[in-house]
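Now for the letters of each chain:
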Amino acid sequence: MVVDTSLEELRKATLARFASATALDELEEARVQALGRKGTLAAISKNFGKLAPEERAHTGKLLNAVKNELEAEYERKKAAFEREALAQRLSREWIDVTLPAPGIRPGSLHPVTQIQEEIEDLFTSLGFAILDGPEVETEEHNFDALNIPPTHPARDMQDTFWLTNGHLLRTHTSPVQVRGMRKFGPPLRMIAPGRTFRNEEVDASHEHTFYQLEGMMIDRDVSVANLIYFMKTLLSGVFHRDVTVRLRPGYFPFVEPGFELDIQCLICGGSGCSVCKQSGWVELLPCGLIHPNVLRLSNIDPDEWSGFAFGLGLTRLAMMRYGIDDIRQLQGGDLRFLNQF
Ligand code: FA5
């Protein structure tokens, strides 16, 4: 009977410890103390031999029942702890696979490309084709065919990167005019955006590598009035607001008359800064009526056809549009800068 009492006490105490265990190791400790090889149940079992034979069957059954009950309760509680631990881990590691992957952010178009595409849309809506030309050009396309023969001083206006094979990096997009005229003939409406190169000092408004956008229209009776209409359409399409411009005579051997269309500096509002070289004006859009020699050199009869051409400084236009006060920022590839656009 003493054994019975001890078993009942062990049973109650162990169930209570199992119930109050708050973690797996506490539960395990209670199990070892009650059911382990050196535990209480083992100690009680040692007295089994001292029992009277008639008591043994009864006490043996009781002992097994207590052992089975405690083991079952231990397993149940242990499984509950494990389920809880798994649930916690899963909630920590849970991911929504339908969310966009973090870390990969979509890129965006460079500000110069954005403006280029807007101008392309505008001019295609006006019936202009978009042409492309090579960055490595022949001397003939870059100069001679534009009415700038070898000895002409105008060659010095554009510091040129010459290649060892006699070719050059195009100094402007105007050679695409020549390619367009020779390939398609008149009437012709074309624009040609692209990269251009000049061997000159870099500063806030000059790069050695920059973008221009050439434009050309050849038809019957094209006049300065047509030219001005298209230039105004171009600027209002880009700025969506009034900008102050001035038109002054400009010399380019491939146009006659030639003009410089300047824009009042949008960085300083005209008061003078490093971008406009303290003048308040930025050279942006040289233009003019195509020189008869240029038409002739590309097999177009100037008595029948006339036209206008312009050579927009696309990189400078991006500076004016976005208020960028140093051209070098547009070339640097710094994502902290580019992400703003
Ligand atoms: C020309 O390149 C002529 N081909 C433009 C032209 C075409 C005139 C058709 C008439 C008819 P200019 O050298 O001025 O012209 O350059 C044109 C524009 O390119 C300039 O107004 C300026 O906005 C830009 N530009 C010139 N040099 C640089 C430079 N180093 N860095 C950034 N932009 C420049």
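These remarks concern the structure in this document.

Rules and cut-offs
Residues numbered from 1 in each chain as written. Predicted model: local features only at pLDDT ≥ 70, side-chain atom pairs only at ≥ 80, totals over all residues. Heavy atoms only, no water. Helix = DSSP H or I, 4+ residues; strand = E, 2+ residues; numbered from the N terminus. Expected span 1.5 Å × (residues − 1). Buried < 20%, exposed > 50% of the residue type's maximum accessible area, 1.4 Å probe, protein only. Arc of directions from axis to C-beta. Near = heavy atom within 4 Å. Polar contact = N/O pair within 3.5 Å; in protein donor to acceptor, adjacent residues only side chain to side chain. Areas by Shrake-Rupley, 256 points an atom, 1.4 Å probe, with all protein chains shown as cover. Nonpolar A, V, L, I, M, F, W, Y, C, P; charged D, E, K, R; others polar. Disulfide = S-S within 2.5 Å. Salt bridge = Lys/Arg side-chain N within 4 Å of Asp/Glu carboxyl O. Pairing = 2+ DSSP bridges. Contact = heavy atoms within 4.5 Å. Axes fitted to C-alpha atoms, helices over the stretch in contact; angles between N-to-C directions.

### A short note on helix H1 (residues 2-20)
Point 1. With 19 residues, H1 extends 27 Å between its outermost C-alpha atoms, agreeing within 8% with the 27 Å of an ideal straight helix rising 1.5 Å per residue.
Point 2. Every buried residue of H1 is accounted for by Val3, Asp4, Leu7, Leu10, Thr14 and Phe18. Buried residues of H1, seen end-on, are gathered within an arc of 125 degrees and therefore sit on one face of the element. Across from the buried face of H1, at angles greater than 90 degrees, the exposed residues are Val2, Glu9, Lys12 and Ala19.

### Observations concerning the site of the ligand
Point 1. Neighbouring residues of the ligand: 25 residues in total, closest His172, Ser174, Arg198, Glu200 and Glu207.
Point 2. In this structure, Arg198 approaches the ligand through a side-chain N or O atom, which is 2.8 Å from an oxygen atom.
Point 3. Glu283 places a polar main-chain atom, nitrogen or oxygen, 3.0 Å from an oxygen atom of the ligand.
Point 4. In the complex, the protein chains occlude 96% of the 680 Å² of accessible area that the ligand would expose alone.
Point 5. Looking at the shell around the ligand, the elements that each hand over two or more residues are strand E5 (209-219), strand E8 (281-290) and strand E9 (306-313).
Point 6. Across the shell around the ligand, the residue classes break down as 10 nonpolar, nine polar and six charged.

### What to know about the state of the cysteines
Point 1. Under the counting rule described, the total for this entry stands at zero disulfides.
Point 2. Its sulfur unpaired, Cys265 is 3.7 Å from the next cysteine sulfur, which belongs to Cys268.
Point 3. With a relative accessible area of 1%, Cys265 lands in the buried category.

### Here's the deal with helix H8 (residues 224-239)
Since the α-helix turns once every 3.6 residues, residues separated by three or four places project in the same direction.
Point 1. For H8, spanning 16 residues, the distance from its first C-alpha to its last is 22 Å, which sits close to the expected 22 Å at 1.5 Å a residue.
Point 2. Directly after H8, the chain includes His240, whose backbone phi takes a positive value near 55 degrees.

### Digging into the pattern of salt bridges
Point 1. Applying the stated criterion across every chain, the model contains 19 salt bridges.
Point 2. Of the charged contacts, one joins Glu28 and Arg31 as a salt bridge, the two residues approaching to 3.0 Å between their closest N and O atoms. In this pair, Glu28 and Arg31 are both assigned in helix H2 (residues 24-35), three residues apart and thus about one turn of the helix distant.
Point 3. Overall, the relative accessible area of 29% leaves Glu28 in the partly exposed class.
Point 4. Given the relative accessible area of 25%, Arg31 is considered partly exposed.
Point 5. For Glu140, the salt bridge goes to Arg182, with nearest N and O atoms at 3.0 Å.

### Points about the sheet that holds E9
The pairing of strands in a sheet comes from backbone hydrogen bonds and takes either a parallel or an antiparallel form.
Point 1. Ordered by their spatial adjacency, seven strands build an open sheet running E1-E4-E5-E9-E8-E7-E6, and the pairing between neighbours is mixed. Edge positions in the sheet fall to strand E1 (129-130) and strand E6 (245-249), since each of these pairs with one other strand and no more.
Point 2. Bridge analysis of E6 against strand E7 (residues 255-264) gives five bridges, and the strand direction is antiparallel. Its bridge partner lying in E7, Arg246 is registered against Asp262.
Point 3. Strand contacts of H8: E5, E6, E7, E8 and E9, with the helix running at about 30 degrees to E9, the strand carrying the most contacts.

### Brief notes about unusual backbone geometry
Point 1. Each neighbour pair has its own omega, and for Pro186 with Pro187 the value is -15 degrees, a cis peptide bond.
Point 2. Positionally, Pro187 belongs in the loop between helix H7 (175-184) and strand E4 (188-197).
Point 3. Between Glu256 and the following residue, Pro257, the backbone shows a cis peptide bond with an omega angle of -5 degrees.
Point 4. Here Pro257 lies in strand E7.
Point 5. Phi at Asp221 is positive, roughly 60 degrees, even though this residue is not glycine.
Point 6. Of note, Asp221 is situated in the loop between E5 and H8.

No statement about biological role is implied by the geometric values presented.
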